[in-house]
Structure formats: structure tokens, C-alpha cells
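# Observations on the three-dimensional arrangement
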4 protein chains.
Amino acid sequence: MNETIGFVGLGSMGVAMALRLAERGFPLRVWNRSPEKAEPLVRQGQARAERPEETAATGGIVVSMLADDRAVTKLFGANSPLLSRLGTGGLHISMSTIHPETSRRLAAEHRAAGVGYVTAPVFGRPDSAAAGTLWIPVSGSESARGRARPLLEALSRGIFEFGDDPGSANTVKLCGNFLIAAMMEAQGEVAAWAERSGLGAEAVMGMLSQTLFPCPVFQNYGKRIVAREFQPAGFRLTLGLKDVELAVAAARAVSVPLPLGSLVRDRALAAVNSGHANWDWSSLTLESRVGAGLPQKS
Amino acid sequence: MNETIGFVGLGSMGVAMALRLAERGFPLRVWNRSPEKAEPLVRQGQARAERPEETAATGGIVVSMLADDRAVTKLFGANSPLLSRLGTGGLHISMSTIHPETSRRLAAEHRAAGVGYVTAPVFGRPDSAAAGTLWIPVSGSESARGRARPLLEALSRGIFEFGDDPGSANTVKLCGNFLIAAMMEAQGEVAAWAERSGLGAEAVMGMLSQTLFPCPVFQNYGKRIVAREFQPAGFRLTLGLKDVELAVAAARAVSVPLPLGSLVRDRALAAVNSGHANWDWSSLTLESRVGAGLPQKS
Amino acid sequence: MNETIGFVGLGSMGVAMALRLAERGFPLRVWNRSPEKAEPLVRQGQARAERPEETAATGGIVVSMLADDRAVTKLFGANSPLLSRLGTGGLHISMSTIHPETSRRLAAEHRAAGVGYVTAPVFGRPDSAAAGTLWIPVSGSESARGRARPLLEALSRGIFEFGDDPGSANTVKLCGNFLIAAMMEAQGEVAAWAERSGLGAEAVMGMLSQTLFPCPVFQNYGKRIVAREFQPAGFRLTLGLKDVELAVAAARAVSVPLPLGSLVRDRALAAVNSGHANWDWSSLTLESRVGAGLPQKS
Amino acid sequence: MNETIGFVGLGSMGVAMALRLAERGFPLRVWNRSPEKAEPLVRQGQARAERPEETAATGGIVVSMLADDRAVTKLFGANSPLLSRLGTGGLHISMSTIHPETSRRLAAEHRAAGVGYVTAPVFGRPDSAAAGTLWIPVSGSESARGRARPLLEALSRGIFEFGDDPGSANTVKLCGNFLIAAMMEAQGEVAAWAERSGLGAEAVMGMLSQTLFPCPVFQNYGKRIVAREFQPAGFRLTLGLKDVELAVAAARAVSVPLPLGSLVRDRALAAVNSGHANWDWSSLTLESRVGAGLPQKS
């Protein structure tokens, strides 16, 4: 039988990932700041921890899927109960979208405590997590990556290795989210233009998503943008803004300006100011409508 | 046997399209400003016209695939010999990438001369033209579209109808090229960021083009950008700059700002200033390298 | 006594300039598309022309202060009645804000008709015109500049010579208006930031306009921006947008990208879309409020 | 006789300010990380401290003029020897350019230690500091501002009060530096445009700085930009980049996007990558030359 895995962070992605792991035979001990999020797992017989450190067994594995750098640092920083409990031989699989430097700092602190650290953020929505069809870039020490692999395989249809630097997989994740945000900005500008040209956004985006851009991410966001259906959110705008800001900051940390990142970041911030913080992040495209003098609502 | 079709404009796209038409049984009478470009067609037995108007028969069809608005207007404007020769019942299939307003103006002038005008710009490279696998948005009067269809079918694997407004298909074409340019800018920023992060652009772009963006346009440009292979050009930077400028101008004509269009346009202009006018338009991504302090050459 | 001067274009600037010239002893024959604008001049005894060409005497001087390139070209293009009437030895003092290329083309056409062409756009508002305290950059052939000078001196407190190229003074004018627009954009961003910081835009802009930027253009626009008093317009937003677009186009004509020009142009277009076409062009700063989630109105 | 004032941070601004204070009768005890910077003061009879805390007397005043938020936080954070030594009744006059939030946090920590905190960043170059003609925005508790005033008066020709919030004066300082950076970007674009237009940057900037923008900051930076004289630096590019980044971050902290700030920040970062980190920050305008295809060097 598999060893029990700790899992902290049960947002919409986290809970879907945990359920998938459970389904694939990994017994879990789970924790979330607001404990009711653990219900779907508890109902299936998984153990609930009262405190984050109780998810860990000495030398065991804990997976984290948390909201931001601060949350990960708070739970897994130097001298944290979680690190102490994991202890020598423990492993932390860090799957949140955070700054590469945060991973590097945490990895050093983990190493000092004898704990391995592997970075494995994910591409995909909750339904992909549930189906085990995420895409996962992974980086960290070879032994840590090796130990994490069976668990990552249960979650994904593709694992991409990016070497020993624990920051690398974070960079890849931020690159991907930046590309999606840039694509949505372009789609939003096209949609406003098509509409004011009297062509209709649907016809134009329809053709382009069948011909030049026949990829699900273009097609699915394109449909939301054309239909202006931003609720319920697949990925909330505030989280999207956070990721674009992380992208700009992480690129800047290696001295790279991202002018398109700056543009999208300013758009996303304006969209939050327009009151869409909890809408899907594709609602950043409403700002193109504002600039074009189109009504935000249909 | 099919009627003879006039074909003006034998650049790399035009010649490939004309060869495809000939192969599919359309006899051609061709013209190009620099006549040697007609050689591949003449060698296959197609007729060469000495002057543009000699491609036309009264009531016949002429296809144009020219460099820009000025060239189309010069050959097909009011009182042009070509229009006179086509005369009542003639049809002009206008396949160049031009401003929607140019098409609307030309269509009115054609109508006054009894000539039909159908707009049918194409998506695809010369190899797609040769294989008859272009994508074609089409607009103009219903009868004109109907008459053009067999010819367009010979060239394409998909025809998308955009109604009576002769400008509409131009708008769709510009929307598509703008999306490609925006995507390349995003890819260029990611490539510079990945390289300065020590990850290598190839690994990052490789993963993302297999997972989030498994579409040929992303993959093919991604490879060029990563390898920095911009010669020979598939589509020259000066033409790409022209198209992005047309996009910004056409959107502005319907009062739509395109901030991402402005950014890409400034990048493409800077890239021309860097000496890459005749390289592939994906060389606009070299400007991201400049800003990031990376050498332009490997 | 001075020779009679023709004057075409009696918008708010034109009429103020014409009144100033009349006051300084230049008899005028004036024309405007909507003739009622000539009233203030007619009441003072100046002659009214029924048609533009009637403002001209053979070998005489005509001043133009028109809305845009199209208007100047229409009145003064090759074969125009105005050019014919001016004839050999005539002089056109072209004071509108237009594209440098338009001036170069017109100058060539004037030269062919024996008419001199001098470019002399103005910096200042109607009250400066009335007081004869405009700033004027001037370019064109030396003889034309020499003949225009007494008239320009009556209007200005400073004339700046930019050589023989008739486009040069247009470029200088566009550079100046671009700088003002850029400054306003910066002020608008600062005002929104100061307000959301709880500091109030007035206090911050007040200090900065007394210390770092003690120049009237900063101070006066700063006051409008802080008070959000955009009516009546000193310079209408549509004209401001036109000038920023001319700046971007003129710089592009010499291969220079103006990223800040692109930004301001997109802002101004968005502001027109927000319904402020006839407000003062400083209302482009309201777009910074929109992006910051501040109400446009107080 | 005046009480002895502590002064930490003797960069080019700090040393000029300290010398001015000494000249105006304030005995000093000074400290700098690299001690040789204190020489000009020691030669004039001022005391040198071996450690930062030795500049402080219980209940006394310490002025800081440090490089960045980290340096100020390190010296004056909670439990720092400097805070302990200042003790109840002490006052810290914080004159560095830092984030408003840093000031708010520090002020709270000072309050807990019984120490007053007043924010008083400065506008001006070292020669203005030496002449006592800086401009100073000031904020913090009323009593702290009152006690700091005689000292600030010795340094400035104008003090502007911004209330109790210790972050406010930092915001004002960042607003000012952002405006200067925005103005330089606009000047750089104009200079490139004027040069490629064949007009020469000097003639155009010369006219505009006498007419529209007759303020020293425009004139002085304009001269540097036109002459491309960026060494020795008046204010180093790395510091300028830091300030623009602080501006973008501080505006974002109150949810305000600064698109022009983003643009200038990306320019400044590119300029650092071009190798100009230690040149004057006006060298960010060289990036406009790069984009325009002009040589960076004359």
C-alpha cells in the first residue's frame, strides 16, 4: 500500500488534484485554512489534519497547492512546524504558481532541514486535474524529482523536466500563463474591432480559431470572450493579475523587460478596478471594449 | 473547358497560387511588373500578357495578388484600362491584403464600370497555395462570390463567407495577421526571458508548443524564433510591418484603439531599422533580445 | 499703406490671428467655409470674399489657418483657383498643423505655379494670437520667409527659423504638440495616483508645478486636469487626436517609432469614444481615472 | 549652540546635504558604509561615527539619506541599535526615496520605540543641496514635522507639507521623479525624430525649451539628451530605474495602473542592459535612438 501523502491547499484546483490522487490510490491527510473545503475528501475517507504540520510524517511527502508566495513561505519557511515534522528524508512537492526566487530560497531552507524540495506547478483547469490530464513542468534535485514522479504521473498526461534549479519550473509556468494572457489581450482587441466593423466577433473569432489557432486554449477563451461569459470563473482575475505580475517581476529579476507583460498587467489591474476581481481572468478583455466605446454589458 | 482567367501579381504567393490554378485546369493569362516572375507559368504553357489589361477578356475574370493598396488601386482604379477591358459582366477577385476602405472604394468604382468585385485574401504560405490548402475569407456581392467560388475552392481547404461588404474579408485577414504578430511578440519576450533565466528558449517553447499551443502557427514561428533562423523569409518583415500598420489603421477607422497593435508595430519598425527588412517578419522578436541585453546573433 | 492680405480659415485661432493682423494695420480679405465666422472681421471693416480665391490678388499674399491636410490641399492644390489667382510672385503662408509631406508636396505644386510657400504653424491659444504673443517656427525658401516675416512678427513674440525645407516647421509644431500630450498623459497618471493615495491631486500637482515644472503649459493644463474642467475647450480633443496621429505618422515617415506617441494616441482615441470629442484635449487624462477605478465625474 | 545631529548616508547627495547643514551651524556626527565618504566632513571638524548607532544621542535627531528601502530598513528597523539609541523623544528625519509603505511600517516601529519619524525626501541635485535650494515635501506627525523644520529650512528654498501620513511625502517624491522620467522619454523620442527628419535635435529642443517648456528640468535634461553627454552622472540610471519601479509599485499599491510608468521602466531597464547603469538616467533616451536606427554614439 502507498504511504500516506500530506496535501495542503484545497482551493478549486487543489481539491480536484487531491481527489484524483485519492482515486489513484494515494491515501491522503489533508489541510486547508478554511476547513470546510476538505469535506469532499473526508467524505471519501481521507484524513483531515487540524494543523498543517499534522499532514506530514517524518520522512514523508507533502504536496502544496496554495494561493501565493506568502502562503507557501508561511507554511514551509525555515523553522516552520511543517518542515520540522517532515524532517530528514522528507519531501515537499511545491505545485503553487510562485516566483522562482521563492522556490530557490525555500529549497535552501528545506535542504538545511534535510527536506527535499521539488517544484511542479501545473497547467490545466480543475476538470483536467480530476481527469489526470494536467501538464506539469518539474525541476529540483534529481532524487527529489524521481521520488515525486509517480505522484505527478497520476495527475498528468505529460511531465516536462527542467533540471536541478528549483526555480526553473516556476519560470516555465509563468511563461505559459503570460502567453495565455497575451493571447487573450490580442483576442479582446480583435473582438472589439470585429464588432465595431459590423462583422461580429463571433464570425471572425470562429474562423480564426478553426484555421490559424486550432488549439483549445485559444478556442475556449475565445468563446468566453465573444460571449462575454465570465462567470463562473475558471481562473479568477485576481489570480490572473497576480500571475502576470509575477511574470513581469520574474523576468525583471533576470533583467528582461516584458513590454507586452506590462500592457497586460495594466489591463488586468484596470479590469479589477472595473469590478471584475472574481470573474474569469478573460474578463480583462472588457477593457478593450471600454477603450473602443462599446458597452461592457450586452 | 474553363474560360481563361487573368492573373496579375506574381510574387512568391501569387506565382504559387497561379500554378495551382493552372494545375487544376484553369487556363491563365498572367502579368507581373517584373516579367521574369512569369517564367514558371509560361514554361507550363500559360499565356503571358505584355500589359495588365491584356490579362482581361470582356466579361471575364481577373485575379489580383499585389503588394499593397497603391498597386491594386493603380491597376484597377476608376478609368483604368483593366476595368474598361473587363467591362460589363467582368469580375475582379481581389486577393491582396489591403485596407477595407480601399476595397469599398474600388468596389464602387468597379460597380460603376459594370464589373463585379469580390474580396478574398488568403491565409497560408506559398507551400499551402501550391497544395491548395489555403484558408480564405470572402466577401462581396452574392453573385460575385458565387462566380468566384470554384476558383477559390481550387486554392483552399476552407472558405469562410463574410457577407456583402467588400471590406469585411480584408478586416478578417488583418485580424488574423495581427493575432500572429501579437503571438510572435509574446513568444519573443518569452524566449529572451527563458534564455536569461538559464533555461534555454528551446526547452520552454518546446513544452508550451506541445501543450498549451499545439497549433502549427505557434509551433512553426516558435521554431524560427528559438533558432533565430530568419532567412530565407517566409513572409518579409516589411510586408509584416505593412500589415500591422494596416491593422492599426483599419481598427482606428472604426474608432478602435489596438494598444497591442501599436506595440507590435513599433517593434516591427525598430526591427526594420535594425536592418532586417528582408528577413522573415518573425525577426521582430530580435528586438526583445536587444532590450534584454542579449546578442542579436548567436 | 500695406497691401491687402488674404486670410482663409476663421476657426477660433484663425479669427484671433486675423483680428490681430487687422489691428496691426494689415488690411484683410477673409473667407471661411461657414461665412458667419467672418462677422467679427467684417464688423471691423475687413472685406469678405465669397469664394476662397477671391481673397487673393495676383502676386499677393494669402494666409491659411485650416483644420487639416485635406482642407489645405483642397484649397491650395495644383490647379486650384486660389493658386491660379495668386499666380507668379504670389505667396502662401501656410499656418495650419499638417503633415510635413503635405507641405513638401504643396510647395512643389506652388512652385510650378510660380507661387511661394512658407510654412509657419503657431504655438499658443487664441488669447496669445490676439495679443500677438504666439511662438512661430518657420521654414521655406529664404525669399518666401523674408516676405512673410513682417506679418509673422505682428503675430508673435518669437520666430524660429528652420531652413528651406517647407516640411521642417510642421515637424517642429508636431514635436511640440506631442510633448504637450505626453506631459498631459503623465499628469493624468499622477493625478489619479495622488487621488487614490488620499493625497489629493491638487496638493501634489500644485507643488510640482511650482518647483520642478514652473512653466505655463504644465501649470495651466495641470489646473484643468486637477479640477476636471474640460469645457469650454481651449483646443478640442478631436484636433488633439489629429495632431498626435500626425506626429506618429510624421515620425514613422522618417522611420522613427514613438511608443509614447502610440500610447497617447490610444488614450486620446479612447477619450473620444468616451464622448469627449468636443472637450479640451486635456480630457484624455480622464482615461487614467477610468483605469484607476475613479469616477470620471466628480 | 545647536544640538549635534546624526547623519547617515553620505552618497553624493548625502554629503552635500551634510556639508550644508554643517555650514549652517548644525554640528554633525556622520556615518557611511564606506567610511572614506565622510572625509570632506571630517576635514571640516565634524565627528565620524564608527557604527551607525553612534551617530545618535538619546532623544536626539538622526537624518538618513540612504540608497533604498532595504538600507533604511536595515539601519532603522524594529530592534535596531539606532532606534534603541535614539530612544524616547528621538527623531528620525528620513530623506531617502523609498516606498510609502516602507515609511508607514518604519513609522509604526519607531513609534513603538518612542521615536518620531518624519518623511522628507528632496528634489534637486547635489549643487542645490550645497546651496540650500532643495525643494522638500514633508509628512509625518505634526510634532515631528515641527521639530524637523529648522533643519529642513537650512537645506531648502521651499517646504511643502503633506500631513500626518508618513507615506505621503514619499508618494510626492515618486510622482515628481516619474514626471521627470516621462518627460525625458518624450524628449528622447522627439530628439530621434528631429534628427532623422534632418532638422537636428538641438534646433528643435532649443526652440521648445525656450517657448513651451521654459523650466530648468526640461532645459537641463534636454541639453544632456541633445549632446548625449551622460557622464558624469548627475543621477545614476540604476537609481533612476529604482525610482521608476518604486513609482509603478507605489501606484499599484493603491490600484492605479501607470502605463507611461511601465513604458519608461521598460526603457530604463533596456538602457541598463545596454551598459549604461552608471551613466546619468537621461541615458534612457538612447533606447529611442536604438529603435530609430540611429547610432548610440556620435
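Everything numeric in this text was worked out from a predicted model, so none of it was measured.

What follows concerns the domain arrangement of chain A. For interface size, the figure often reported is the accessible area lost on association. Residues and elements named next belong to chain A. For chain A, the assigned domains read domain 1 (5-164) and domain 2 (171-291). Computed from C-alpha coordinates alone, the two centres of domain 1 and domain 2 are separated by 28 Å. Counting residues at the interface gives 13 residues for domain 1, matched by 18 residues for domain 2. For the pair domain 1 and domain 2, the summed buried surface comes to about 1200 Å²; carbon and sulfur atoms form 65% of the total. Sorting the residues of domain 1 by area buried against domain 2 places Thr97, Phe123 and Arg125 first, and these three jointly supply 48% of that buried surface. Where domain 1 touches domain 2, the interface holds 1 salt bridge. Between Asp280 and Arg125 there is a salt bridge; the shortest N-O distance is 3.8 Å. The interface formed by domain 1 and domain 2 includes 4 residue pairs in polar contact (both at pLDDT 80 or more).

Moving on, we come to the nonpolar core. Judged by nonpolar contacts, the single largest core of 105 residues is most densely connected at Trp193 of chain A together with Trp193 of chain B. When residues no more than four places from it in sequence are discounted, the contact partners of Trp193 of chain B are Thr171, Leu174, Cys175, Phe178, Ala247, Ala250, Ala251, Val254, Val256 and Leu258 of chain A. Counting residues in hydrophobic clusters, the runner-up holds 104 residues, among them Val190 of chain C together with Leu199, Val217 and Leu294 of chain D.

Take the interface of chain B and chain A next. With 55 residues of chain B at the contact, the number on the chain A side is 55 residues. Buried area between chain B and chain A, summed over both chains or domains, comes out near 4800 Å², and the portion from carbon and sulfur atoms is 83%. Area buried by chain B at its contact with chain A is led by Leu179, Trp193 and Met207 of chain B, which between them contribute 17% of it. At the boundary of chain B with chain A, the tally comes to 0 salt bridges. Counting the contacts that link chain B with chain A gives 4 residue pairs in polar contact (both at pLDDT 80 or more). For the side of chain B that touches chain A, the secondary-structure elements that each account for two or more residues are strand S7 (134-140), helix H8 (168-196), helix H9 (201-210), helix H10 (216-227), helix H11 (237-253) and helix H12 (259-276) of chain B. At 19 residues, the largest contribution of residues to the side of chain B that touches chain A is made by H8 of chain B. Across the side of chain B that touches chain A, the residue classes tally to 41 nonpolar, 10 polar and 4 charged.

Now for the pattern of salt bridges. Overall, the coordinates contain 83 salt bridges over all chains when judged by the stated rule. In this structure, Glu54 of chain B engages Arg51 of chain B in a salt bridge whose closest nitrogen and oxygen atoms are separated by 3.4 Å. On the accessibility criterion, Arg51 of chain B (47% relative accessible area) is partly exposed. Between Asp243 of chain B and Lys242 of chain B there is a salt bridge, with its nearest N and O atoms 3.4 Å apart. Beyond isolated ion pairs, a larger network of salt bridges with shared partners links Arg145, Arg149, Glu153, Glu161 and Asp164 of chain A.

What follows covers a positive patch on the surface. A contiguous patch of positive charge on the surface is contributed by Arg33, Lys37, Lys74 and Arg236 of chain A. Assignment of secondary structure puts Arg33 of chain A in the loop between strand S2 (28-31) and helix H2 (39-42).

On to helix H7 (residues 142-155) of chain B, then. All names here are of chain B. An ideal rise of 1.5 Å per residue puts 20 Å on 14 residues; H7 measures up with 20 Å between its terminal C-alpha atoms. Maximum bend of H7: about 45°, positioned at Arg149, with proline Pro150 one to four residues after it. Taken as a whole, H7 has its buried residues at Ala144, Arg145, Ala148, Leu151, Leu152, Ala154 and Leu155.

The next subject is the relation of the copies chain B and chain C. Think of it as a corkscrew move, a rotation about one axis and a shift along it, taking one chain copy to the other. Rotating chain B by 180° and moving it 0.0 Å along the rotation axis overlays it on chain C with an RMSD of 0.0 Å. The operation mapping one copy onto its partner corresponds to a two-fold rotation axis. Within chain B, Ser262 of chain B has its C-alpha nearest the rotation axis, a separation of 3.0 Å. Same-surface contact between copies: 100% of interface residues of chain B are shared with the interface of chain C.

Before going further, it helps to spend a moment on the interface of chain B and chain C. Contacts between the two partners involve 15 residues from chain B, matched on the other side by 15 residues from chain C. Buried surface at the junction of chain B and chain C, summed over both partners, amounts to about 1100 Å²; 49% is from carbon and sulfur atoms. Run the count over chain B and chain C and you get 2 salt bridges. Between Glu245 of chain C and Arg252 of chain B there is a salt bridge, with the nearest N and O atoms lying 2.7 Å from each other. Summed over the shared surface of chain B and chain C, the number is 6 residue pairs in polar contact (both at pLDDT 80 or more). Listing elements by their share of the side of chain B that touches chain C, those giving two or more residues are H11 and H12 of chain B. Residue classes in the side of chain B that touches chain C are distributed as 8 nonpolar, 3 polar and 4 charged.

Moving on: the packing of aromatic side chains. Tallied over the entire structure, the rule returns 21 aromatic pairs over all chains. Ring centres 4.6 Å apart and planes at 15° place the aromatic pair Phe213 of chain A and Phe218 of chain A in the stacked group. The same class applies to Phe213 of chain A and to Phe218 of chain A, which are both buried. Centroid distance Tyr221 of chain D to Trp281 of chain D: 6.2 Å. Interplanar angle 75°. Geometry classified as edge-to-face. With a gap of 60 residues between them, Tyr221 of chain D in helix H10 (residues 216-227) and Trp281 of chain D in the loop between helix H12 (259-276) and helix H13 (286-291) connect regions that are remote in the sequence. Grouping residues by exposure puts Tyr221 of chain D and Trp281 of chain D together as buried. One aromatic cluster is present, built from ring pairs that chain together Tyr221, Phe235 and Trp281 of chain A.

Analysis parameters
- Residues numbered from 1 in each chain as written.
- Chains lettered and ligands numbered in written order.
- Predicted model: local features only at pLDDT ≥ 70, side-chain atom pairs only at ≥ 80, totals over all residues.
- Heavy atoms only, no water.
- Domains from an automatic or database assignment.
- Contact = heavy atoms within 4.5 Å.
- Buried area = accessible area lost by both parts, 1.4 Å probe.
- Salt bridge = Lys/Arg side-chain N within 4 Å of Asp/Glu carboxyl O.
- Polar contact = N/O pair within 3.5 Å; in protein donor to acceptor, adjacent residues only side chain to side chain.
- Core = buried A, V, L, I, M, F, W, Y, C linked by side-chain atoms within 4.5 Å.
- Buried < 20%, exposed > 50% of the residue type's maximum accessible area, 1.4 Å probe, protein only.
- Helix = DSSP H or I, 4+ residues; strand = E, 2+ residues; numbered from the N terminus.
- Nonpolar A, V, L, I, M, F, W, Y, C, P; charged D, E, K, R; others polar.
- Patch = residues over 30% accessible without salt bridge, like charges linked within 9 Å, V, L, I, M, F, W, Y side chains within 5 Å.
- Areas by Shrake-Rupley, 256 points an atom, 1.4 Å probe, with all protein chains shown as cover.
- Lys, Arg positive; Asp, Glu negative; His and termini not counted.
- Charge placed at Lys NZ, Arg CZ, Asp CG, Glu CD.
- Expected span 1.5 Å × (residues − 1).
- Bend = angle between axes of the 7 residues up to and from the residue.
- Least-squares fit on C-alpha atoms with pLDDT ≥ 70 in both.
- Phe/Tyr/Trp six-rings, centres within 6.5 Å; stacked < 30°, edge-to-face > 60°.

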